[in-house]
Amino acid sequence: MALKKKKGGGEGGANWMDTYGDMVTLLLCFFVLLYSMSTIDQEKWMLIVQSFNKTALVSTDDTPRGPEGDGEQEDGGGMPATTEMDSAMEEFYEFLQTYAASASGDGEDSSKITVSQGDGLIYLAFDSSVFFNGDKWDLRPEGKAILDDIIPALEEVAPYIDELRVSGHTASAQGSYDVKWDYQLSSMRAVEVVSYMLKNSAELDPARVQAMGYGQWRPVAGNDDESERTKNRRVEMTISGKDLENTLSDSITQYYTTTGQERPGHEGEQTAP
């Protein structure tokens, strides 16, 4: 008696698809679970955004901005929160302009002190002969007198200062020169200015003041004659204001956030690397 073969694969031929579908569903649930437990570090995200675009405005409120929101703050009526700081820094800049004009005088002394402004910064440059004798870093009495006049104005805007950078510059030496001495001289001149200001001011925050020496490597004039080299021998102050709308633009906050260290005096505030 011959046996007849069954046609087809039977009812259980496609059961592997049920197992596959269950596996995909479980994977989906697994990734949904991972996402539900994840959190986005706001400070990290804002730092990443601003590292690519320094002018980016990052909203920290709950009000939507752009096409789906009016973008206005309830307590500000749409006015920027930096108005007070901008006003204080503008008054400080006007004071420096007036002071530089009166202190520099006319003729050869007209460029001893120069003041300029741009991109949220105030630049103040002093001919090194105002502060120091040749190849020396001890402050002259004339330099101390100028700093004594400027310190009170700096103290008034101290709450709005993000960074105050003092940089020393030398001129290209004729013939051979000592690179170590070049950097040492420019750095020590900056340190002397910073040291004098902090010693005579209780309002300036030392954590926001920097002293830097650039040697002869950032000239503002040529080095062909002594008159040009005199322009290169200078001490500069670069003053930046805080962005009151964004705490992560603050240089101190950025330092502790990027280094992952806990800021002294801020218990329980653990910054992210």
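Fair warning: this is a prediction, and the values are worked out from it, not measured in the lab.

**Student:** How should I be thinking about the overall build of the protein in this particular structure?
**Tutor:** Secondary structure summary: the protein contains 8 helices and 5 strands in total. Ordered by position from N to C terminus, the α and β elements of the protein give α-α-α-β-β-α-α-β-α-β-α-β-α. Buried residues in the protein amount to 30% of all 273 residues. Considering only contacts in the protein between residues 6 or more positions apart, those separated by 24 or more positions represent 63%. Total accessible area on the protein is roughly 18,000 Å²; 53% of this is exposed by carbon and sulfur atoms.

**Student:** Looking at this structure, how should I read helix H8 (residues 251-259)?
**Tutor:** Spacing of three or four residues puts side chains on the same side of an α-helix, whose turn is 3.6 residues. Taken together, the buried positions of H8 are occupied by Ser251, Ile252, Thr253, Tyr256 and Thr257. Phi turns positive one or two residues past the end of H8, at Gly260, with a value near 75 degrees.

**Student:** I keep staring at the nonpolar core and nothing clicks. Help me out?
**Tutor:** The tendency in soluble globular proteins is for nonpolar side chains to be buried side by side. In this structure, Phe131, Leu154, Val166, Val193 and Met197 are the most contacted members of the largest nonpolar core, which totals 39 residues. Mapped onto this core, the elements with two or more residues apiece are helix H3 (83-104), strand E1 (113-118), strand E2 (121-127), helix H4 (128-131), helix H5 (141-156), strand E3 (161-169), helix H6 (179-199) and strand E5 (234-241). Broken down by element, the residue count for this core peaks at 8 residues, all from H3. Not counting residues up to four positions away in its chain, the partners in contact with Phe131 are Phe126, Asp138, Leu139, Arg140, Gly143, Ile146, Leu147, Val193 and Val235.

**Student:** Hey, could you run me through the packing of H5 against H6 in this one?
**Tutor:** The relative placement of two packed helices is expressed as an angle between their axes plus a distance between the axes. At a minimum axis separation of 10 Å, H5 and H6 run at an interaxial angle of 55 degrees. The orientation of H5 with respect to H6, classified from their angle, is oblique. The way H5 lies across H6 gives a crossing that is right-handed. Listed contacts from H6 to Lys144, Leu147, Asp148, Ile151 and Leu154 of H5 are Val193, Tyr196 and Met197. When the residues that make up the contact of H5 with H6 are grouped by side-chain class, the tally is 6 nonpolar, no polar and 2 charged.

**Student:** Sorry if this is basic, but what is going on with the confidence of the model for the protein here?
**Tutor:** Close reading of the predicted structure is inappropriate where its pLDDT is low. Residues of the protein with pLDDT of at least 70 account for 69%, and the chain-wide mean is 77. A low-confidence stretch, residues 267-273 stays under pLDDT 50, and its non-local contacts, those more than four residues away or across chains, total 22 contacts.

**Student:** I keep staring at the sheet that holds E3 and nothing clicks. Help me out?
**Tutor:** Strand order in the open sheet formed by 5 strands is E1-E2-E5-E3-E4, and the pairing between neighbours is mixed. In the strand order of this sheet, the two ends are held by E1 and strand E4 (209-213), each with one partner. Each strand axis lies, on average, 15 degrees off the axis of its neighbour in the sheet, ignoring direction. Pairing of E1 with E2 involves 6 bridges; the strand directions are antiparallel.

**Student:** Explanation requested: the packing of aromatic side chains in the structure shown.
**Tutor:** Aromatic rings in a pair are described by how distant their centres are and how their planes are angled relative to each other. For the coordinates displayed, the defined rule picks out 5 aromatic pairs. Taking the centre distance of 6.0 Å and the plane angle of 80 degrees together, the rings of Phe131 and Phe132 count as edge-to-face. Members of the aromatic cluster, connected to one another through ring pairs, are Phe126, Phe131 and Phe132.

**Student:** Would you take a moment to explain unusual backbone geometry for this structure?
**Tutor:** Excluding glycine, residues mostly have negative phi values, and the peptide bonds linking residues are mostly trans. Within the chain, Asp135 stands out as a residue other than glycine whose phi angle is a positive 55 degrees. Looking at where Asp135 falls in the secondary structure, it is placed in the loop between H4 and H5. Using a relative accessible area of 52% as the deciding quantity, one classes Asp135 as exposed.

**Student:** Looking at this model, I keep getting lost on the environment of Leu96. Mind explaining?
**Tutor:** Secondary-structure assignment places Leu96 in helix H3. Assessed through its relative accessible area of 1%, Leu96 is described here as buried. The sequence separation of Leu96 and Ile150 amounts to 54 residues, and the corresponding C-alpha distance is 8.0 Å. Not counting the four nearest positions on each side in its chain, Leu96 is found in contact with Val115, Ile122, Leu124 and Ile150.

The rules behind each value
Residues numbered from 1 in each chain as written. Predicted model: local features only at pLDDT ≥ 70, side-chain atom pairs only at ≥ 80, totals over all residues. Heavy atoms only, no water. Helix = DSSP H or I, 4+ residues; strand = E, 2+ residues; numbered from the N terminus. Buried < 20%, exposed > 50% of the residue type's maximum accessible area, 1.4 Å probe, protein only. Contact = heavy atoms within 4.5 Å. Areas by Shrake-Rupley, 256 points an atom, 1.4 Å probe, with all protein chains shown as cover. Core = buried A, V, L, I, M, F, W, Y, C linked by side-chain atoms within 4.5 Å. Axes fitted to C-alpha atoms, helices over the stretch in contact; angles between N-to-C directions. Parallel < 35°, antiparallel > 145°, perpendicular 65-115°, else oblique. Left-handed = near helix turned anticlockwise from the far one by under 90°. Nonpolar A, V, L, I, M, F, W, Y, C, P; charged D, E, K, R; others polar. pLDDT = per-residue confidence, 0-100. Pairing = 2+ DSSP bridges. Phe/Tyr/Trp six-rings, centres within 6.5 Å; stacked < 30°, edge-to-face > 60°.

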